[in-house]
Each structure stands twice: as structure tokens, then as C-alpha cells.
Amino acid sequence: MSALFDVVVAGAGPGGIATATVAAEAGLRVCVVDGNVAAGGQIWRGHTADKDGSLAGRWLARLHAAGCTVWQGANVVAAPAERVLRVEGAEGVRDVEWGKLILAAGARERFLPFPGWTLPGVMGVGAAQAFLKAGLEVNERRAVVAGSGPLLLAVAAGLHGKGAKVAAVCEQAPLARLMKFGAGLWRHPEKLIEGLQYQVGAGFAPYRAGCWVVRAEGRERVERVVLTDGRRQWSVACDLLACGFHLVPNLELALLLGCEVEDGVVRVDARQMSSLEEVFCVGEMTGVGGVGKALVEGEIAGWAVVGNAQRVAASQRERVKQMEFARRLDEAFALREELKKLPRPETLVCRCEDVVHKALCTRAGWRDAKLHTRAGMGACQGRVCGAAAEFLFGWEVRDKRPPLFPASVLAMAADVEEGKS
Amino acid sequence: MQSVTNLIELTINGRLVRVAQGTSIAAAILMAREATRVSPSGEARAPFCGMGICMECRATVNGVAQQVTCQRLCEAGMEVTTA
């Protein structure tokens, strides 16, 4: 049995929320499927509807008032038939049939392997933020924040605010590129202000551009991290290392369905429609650009599915501006070549199956690597090492086989609607 | 350092811990400094990505194995067991 909806939205971050809200307010039957415990995505994690009159609170309130069906803690694991998604969550396995489908799966952090990156106490940058929002107390802990991307300062500020001593913030991108990026922000004054707030707050920690982690060291957990600026190396004591290299779009569902992907993002038209009829895509999946981009794209997709061409047209200027911002982000935080040299021959690249660098670097490509080494075959299904392998070895990593998330046997065996399998 | 929070009690590997309401199980495991899983080569691992993709935080919750603990909140009386 499958439930039938006019619109199914996969992902309840800002983009998915905007589409679902616009479509439901226009009277369509909308179902939102989301893996987290509450709507909001990573960026609005922990926000509740209307709590503080914030942007997040206002959108969440609108979503809830619009009368959508929202399934939290539920992941799309497969697409068993035409226009049907299979969803597994706390309520078991359900199939949902869509008239229009919105992909809003967001992005994940890009992790790169370096010696010691699997030690307890090492986590992602976005991860540190997610854990802080999920109740992690860091009082008196000594933290280093490293990697790349605009999240670094925000997370350092967050850690500091919760009582951690932030010993260093290291951005791999060179200062000159960051200055150029900053100078271009005059077109996005709201982002400039946000950045300045973090800068002011960041007076507590030395922020260094053109600087990155060489290795993490410790016996049972991280005790210190070795940093470099390419000329010299130094060691900083810490018991929490947050290290992540900007974001990569979650493309699994788009690839599974067969949406065209170009330069690592889902190709969409001005209505946010992908190469597949009636399948729309919004937010980070079409280019990593943050909340503003996700919201305008989400609204456009919402207006498109309700057939309001006027509103779609009216939002094009903002859409183009946000796409330009995403492009500038990519350019500013592009990864330096030196990071490819961080893993030693025995450094693990695949954390699930413990596959070392030397076993991978001689393989012909991702498929070859998976067949011979089990890299990417573990529980994360290559979500971590796949993005690393793309950068380290220049492979094209495009996995699209169900289940998209570890699923129960029941989920894979369940009967789909009669006559459709 | 929350001043007005409801604390709830659960056990992690038999040890009683108190966390604020709204704390994810993974965050509780991190604060308890417990490892979550042992990798194929024998490394102890801890929650890593915080958003349900890396699967390092899997643990047994109330007897149900392989739960992605960063995607679930602590509940009073919960029993969490890690490898």
C-alpha cells in the first residue's frame, strides 16, 4: 500500500520547507520526508517554530500551519516503482506515491583523511555544530577548528560560547583568495554582517588562513594536532579537533532517479525542474550556497508546482544572485593540492571497512576500488570516502544503488503496490 | 551551562548519566567519552559526522542494535550499549 500525495518533498531543511509550505498553502496535499528528529535541516537544527521570531522560527511556524504531512526520522531508501519512494523510519516501511517530487536532501561535510583522523575526539566542523545543538557540553575542552569553508568561524564561535578554549582556527584557503571573496560580498550585505559578527566574536582564537592539519596524535583519543602553513609545522594540544572541508551536495537520490548531474550538482531549469519531468531540486543539491539560496529556490519550486509562473519569474533575480554567491563560495574555498599528500600509505581512507590509502591509490577508479578493496561498501556507503576519493584520486564517484541508507531486510523485501514492480 | 533545563537519566554501558532534555544519544556518548564501535581492524571509534551519514555512532539502544544515535534523542530510562 502506498500513500498518494500531490507533492512529496525529500528533506526538511530550508529549501524543502519553503517548497512544502508554498505548495501546501496553495491547497496541495504535501508530504515531507526527513531523516532528522525535527524539521529545519542541519542549519536550523534545534530551532522551534516561532520561538524567537527568527527566520527559522517563522518558516517552521508557516510549515506547521500549512498542514503538510511531515514524517521525521524517516529516510528514503529506494524508488521501487515509477513515482514511488520507499521510506523507512520509526513507523516502519512505507511507500509514498508522488505527483511532483522535490529533492531537497541538502549537503554533507567533505572529510579528507589524514593520519589520526579516526581517533575519538576528532569530528567534522558541521558535526561539532550539530553536536553542540544536540546538547554536547564542551566546557573546559581545548578545541582546534580546521579545514575549510565559512562554517569554521561560526563553529569556533559556537565552541567558545559554550565554554571551550579554542586554541586555533585554521582555514586551508590562502588569505588572498579569502580577501577577494570578502571584497565580493558587497552584493550580499547580510552575509558580510554575519561574517563580521563571527570575526568580532573570534577575537578569542587565532584565525589563520593558508594553514591546515597535517596529522592528529594521541593514544586512545586525540591529544594534539600538528598544523602547517606549508613552510613549517607546529603542534597544538587539544582534546577536540573539528575538521571538515566545506560541503558536498547529497546527490544519491537524484542519481538513483536518473536526474542529470553536471559538475557535481543537479542541473535544473529556472523553475528548479531537473532533467526529469516533475522532479524538482532545490538548495545545496544544485550548488552549495546556504540558507538564502535554499529558500529562494524552494519558493520557486513551490510556485512552479502550483503553476504560478508570475511568482517564479519574480524570483529569478534573487535566484541568479544566490547562484553567483554559491559559485564564489566554491572558488574561495577550493581545496589546495597539498591536502592530497596528507594520507600516509597506511592511513585509513574508508572508515567503515578500514581500507588504507596504499590499497586504493593503485586502483583504476571508484568501481574498481569498491570491487577489490571494499572501500565504499560499508555502512556509510561511500558517503565519507567517496567524496574524499573524488578529490584524492580524481575519480568520478556516482553511486546510485538502493538502499540509499542502511535499511532493514523488510524494507528491501516489502511488496510495492500491485502491478508496479 | 544551561540554568533552566530538565535533566533526564539514562545509562550508557551500565553507567548512569544525566543529560539535558533534547540531547542526542550521540552527544551523550561523546560526553561520557565512550567509544561507539570497534572498526574491522580494531580501532575504537566515536560519533564523527553528527548528521546521520558516517554511521560511526551506531550503538544498541534498548536492546535494538545498529541505531544511528546522532539522529535520536535521549529518553529517560534508556539503556545504551556500545561495542
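Residues numbered from 1 in each chain as written. Chains lettered and ligands numbered in written order. Predicted model: local features only at pLDDT ≥ 70, side-chain atom pairs only at ≥ 80, totals over all residues. Heavy atoms only, no water.

Draft legend 1. The arrangement of the packing of helix α8 (residues 291-306) of chain A against helix α10 (residues 316-332) of chain A in detail. Residues and elements named next belong to chain A. Orientation of α8 relative to α10, taken along the N-to-C sense of each, is 145°, at an axis distance of 9 Å. Crossing handedness for the pair α8 and α10: left-handed. Across from G292, K293, V296, E297 and I300 in α8, the residues of α10 making contact are Q316, E318, R319, Q322, M323 and A326. Among the residues forming the contact of α8 with α10, the class breakdown is four nonpolar, three polar and four charged. (Axes fitted to C-alpha atoms, helices over the stretch in contact; angles between N-to-C directions. Helix = DSSP H or I, 4+ residues; strand = E, 2+ residues; numbered from the N terminus. Left-handed = near helix turned anticlockwise from the far one by under 90°. Contact = heavy atoms within 4.5 Å. Nonpolar A, V, L, I, M, F, W, Y, C, P; charged D, E, K, R; others polar.)

Draft legend 2. Seen up close, the packing of aromatic side chains. Counting across every chain of the model gives five aromatic pairs over all chains. Considering the side-chain rings of W117 of chain A and F48 of chain B, the 5.8 Å spacing of their centres and the 80° angle between planes classify their relative orientation as edge-to-face. Of this pair, W117 of chain A sits in the loop between β7 (107-109) and β8 (122-123) while F48 of chain B sits in the loop between α1 (25-31) and β3 (58-61), on two different chains. Here the two residues W117 of chain A and F48 of chain B agree in accessibility, since each one is buried. Both rings, one in F181 of chain A and one in F325 of chain A, keep their centres 6.1 Å apart while their planes meet at 35°; by these two values the pair is tilted. You can see F181 of chain A sitting in helix α5 (residues 175-183) and its partner F325 of chain A sitting in helix α10, a full 144 residues away along the chain. The exposure classification of F181 of chain A matches that of F325 of chain A, with both residues buried. Aromatic ring contacts, followed pair by pair, group F111 and W117 of chain A together with F48 of chain B into a single cluster. Seen from the ring of F5 of chain A, R29 of chain A lies directly overhead, with NZ or CZ sitting 4.7 Å from the centre. Here R94 of chain A stacks its cationic end above the ring of W71 of chain A, 3.7 Å away from the centre of that ring. (Phe/Tyr/Trp six-rings, centres within 6.5 Å; stacked < 30°, edge-to-face > 60°. Buried < 20%, exposed > 50% of the residue type's maximum accessible area, 1.4 Å probe, protein only. Lys NZ or Arg CZ within 6 Å of the ring centre and 35° of its normal.)

Draft legend 3. Up close: the nonpolar core. All names here are of chain A. By size, the foremost hydrophobic cluster in this structure holds 84 residues, and its most contacted members are V8, L103, F114 and L241. For this core, the element with the most residues is helix α13 (residues 385-393), which contributes six residues. With residues up to four places along the chain from it excluded, the contact list for F114 reads V122, V213, V214, R215, A216, L241, C243, L342 and T347. One finds A56, L60, M273 and W303 within the second-largest nonpolar core, a separate group that totals 32 residues. (Core = buried A, V, L, I, M, F, W, Y, C linked by side-chain atoms within 4.5 Å.)

Draft legend 4. View of the sheet that holds strand β2 (residues 15-20) of chain B. All names here are of chain B. Strand order in this open sheet of five strands is β2-β1-β5-β3-β4, and the pairing throughout is mixed. Only two strands of the sheet have a single partner each, and these edge strands are β2 and β4 (64-68). Neighbour-to-neighbour, the strand axes of this sheet turn through a mean angle of 40°, independent of strand direction. (Pairing = 2+ DSSP bridges.)

Draft legend 5. The arrangement of the pairing of β2 of chain B in detail. Residue and element names in this part refer to chain B. Bridging between strand β1 (residues 7-12) and β2 involves six bridges; their strand directions are antiparallel. Of the residues in β2, the one forming a bridge with E9 is R18. Counted between consecutive antiparallel strands, the loop separating β1 from β2 contains two residues, among which N13 sits at a positive phi close to 50°.

Draft legend 6. Region of interest: α10 of chain A. Over its 17 residues, α10 of chain A runs 24 Å from end to end, which matches the ideal 24 Å to within 8%, given 1.5 Å per residue. Along α10 of chain A, the positions that sit buried rather than exposed are Q316, R319, Q322, F325, A326, R328, L329 and A332 of chain A. (Expected span 1.5 Å × (residues − 1).)

Draft legend 7. Up close: the pairing of strand β4 (residues 74-81) of chain A. All names here are of chain A. Taken together, the five bridges between β4 and strand β5 (residues 84-89) define a ladder with antiparallel strand orientation. Looking across to β5, one finds that N75 is bridged to E88. Hairpin remark: β4 followed by β5, antiparallel, with two residues in the connecting loop; positive phi at R83, about 60°.

Draft legend 8. Local environment of the confidence of the model for chain B. On average, residues of chain B score 93 in pLDDT, and 94% of them are at 70 or above. Among the prediction metrics, the complex's ipTM stands at 0.95, with pTM recorded as 0.90. (pLDDT = per-residue confidence, 0-100.)

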